[in-house]
Amino acid sequence: MESDGRLDPATLAAALDDQPAIVSVMATEAATFLAYAHFGDHIICLGDVYGGTFELLGVNLAQLGISTTFLRADELDRLPEALTDRTRLVFFETPTNPNLDVFDIHAIAELARTVGALTVVDNTFATPVNQNPLHHGADLVVHSATKYFGGHSDLTAGTVIGSAEHLAPIMMLRKNLGQMIAPEIASQPARSIRSLPVRVRTQNDSAAAIATHLATHPRITRVNYPGLATGEAKRIVDTQMRGGGGILSIVLDATVAETAAVVDRLRIFFIAPSLGGVESLVTQPITTTHHGLDPAERARRGITDGMIRLSIGREDTDDLLADLTHALDAE
Ligand SMILES: *Cc1c(COP(=O)(O)O)cnc(C)c1O
């Protein structure tokens, strides 16, 4: 860049081309974590999170002297004892990937507040259409706009939402780490967000119908979907969500190869590890999104050989169901 402030067009074009690679929700999470947790500080991460988040906290931030305690969904009762006077942030997704676990935002935020920690929720799966974590006590909310905000599987972007006061230190890091989004990319989620409620509500309805139907299929041992939750999970869903979302996972009693054969027979679903687009996507968490996890840890988290994650798009629900039934029933 030229020092007099004017930009040489070729340099500018090259700089803009580089932008999308770093401007994602991972960039947002990095800025958020680094804004609040410094050398010697502590973060708590609950439940299953995006693989990049695991690595960012467990590897990159650890190298900077910022420690993270990871608690699985079935270890949540250990949260009070995990909080210390160096805990700055409690971070979690709800619903989570790929188990669709739900966490009580209000109860967790209350606990975090007892040590002055902020609660940060990754709301990517629910979207603001189905859930508003700030209304339930969260301090900051992040979304991968790569998913539902963009909605068409054609961009990479991320966003963080909170009060001006809470955002100020994050905005400083965003600027100084060079995380600015290119204007022509920024205009795409800005356009797509106008249809977010229409898309998400349709996807809610379709995913709920598909989850209900698949729950009775003889080859399926479990369907994970917030709309099918029972007991305490149902209470949480009813309290903080307006819809179950467009993502579900199903579990077959099958090997990785047998599960892959089912996935390969699908004709409408694209095989891709993303989610939240208008086109339905399917992935096997064990070979894609959660491949990097230690097998024993994966097993403890219920991410099995027979698990398939579905991101329901905006195709006709009956067509999607017929596609799934055919793939499951064919030999
Ligand atoms: C995809 C995803 C991310 C990462 O998003 P990018 O925008 O690709 O960085 C983080 N969290 C969740 C829940 C996701 O689904």
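The preceding data block contains the structure.
All values derive from a computational prediction rather than experimental measurement.

Student: Describe helix α10 (residues 231-240), with residues and values.
Tutor: Buried residues of α10: Ile-236, Val-237 and Gln-240, and no others. Burial along α10 is one-sided: seen end-on, the buried residues are contained in an arc of 100°. α10 presents Gly-231 and Asp-238 as exposed residues on the side facing more than 90 degrees away from its buried surface. Next to the buried residues of α10 lie α5 (105-113) and α6 (127-130).

Student: Go over unusual backbone geometry, please, and point to the residues and values.
Tutor: Cis rather than trans, the peptide bond between Thr-94 and Pro-95 has omega equal to -5°. Along the chain, Pro-95 turns up in the loop between β3 (87-93) and α5. With an omega of 0°, the peptide bond running from Asn-97 to Pro-98 counts as cis. In this structure, Pro-98 sits in the loop between β3 and α5. Here Thr-127, not a glycine, exhibits a phi torsion of approximately 65°, which is positive. With a phi angle near 55°, Ser-153 is a residue other than glycine that sits in the positive phi range. Tracing the chain through its elements places Ser-153 in the loop between β5 (140-144) and β6 (158-162). The class for Ser-153 is partly exposed, based on a relative accessible area of 39%.

Student: Describe the sheet that holds strand β11 (residues 307-311), listing the residues and the values that go with them.
Tutor: A sheet is described by the order of its strands in space; here five strands give the open sequence β7-β8-β11-β10-β9, paired in mixed fashion. Unpaired on one side and paired on the other, β7 (220-224) and β9 (270-271) mark the two borders of the sheet. Bridging between strand β10 (residues 281-283) and β11 involves three bridges; their strand directions are antiparallel. Residue pairing across strands places Val-282 opposite Leu-310, the latter belonging to β11. Helix-sheet contacts for helix α11 (residues 256-265) involve β8 (247-252), β9, β10 and β11, and the interaxial angle to β11 is about 25°.

Student: Give me the lowdown on the site of the ligand, citing residues and values where you can.
Tutor: The ligand sits among 13 residues. The nearest are Val-25, Asp-122, Ser-144, Thr-146 and Lys-147. Here Asp-122 contributes a side-chain N or O atom positioned 2.7 Å from a nitrogen atom of the ligand. A distance of 2.7 Å separates an oxygen atom of the ligand from a polar atom in the side chain of Thr-146. Surface burial for the ligand is 93%, taken as the share of its 390 Å² of free accessible area covered by protein chains. Classifying every residue of the shell around the ligand gives six nonpolar, four polar and three charged.

Student: I'd love a proper account of the side chain of Thr-28, names of residues and values included.
Tutor: Looking at the element boundaries, Thr-28 is found in helix α2 (residues 25-36). Discounting chain neighbours no more than four positions away, the residues touching Thr-28 are Val-142, Gly-158, Thr-159 and Val-160.

How each quantity is defined
Residues numbered from 1 in each chain as written. Predicted model: local features only at pLDDT ≥ 70, side-chain atom pairs only at ≥ 80, totals over all residues. Heavy atoms only, no water. Buried < 20%, exposed > 50% of the residue type's maximum accessible area, 1.4 Å probe, protein only. Helix = DSSP H or I, 4+ residues; strand = E, 2+ residues; numbered from the N terminus. Arc of directions from axis to C-beta. Contact = heavy atoms within 4.5 Å. Pairing = 2+ DSSP bridges. Axes fitted to C-alpha atoms, helices over the stretch in contact; angles between N-to-C directions. Near = heavy atom within 4 Å. Polar contact = N/O pair within 3.5 Å; in protein donor to acceptor, adjacent residues only side chain to side chain. Areas by Shrake-Rupley, 256 points an atom, 1.4 Å probe, with all protein chains shown as cover. Nonpolar A, V, L, I, M, F, W, Y, C, P; charged D, E, K, R; others polar.

So, to be careful, I would describe these as geometric facts and stop short of saying anything about function.
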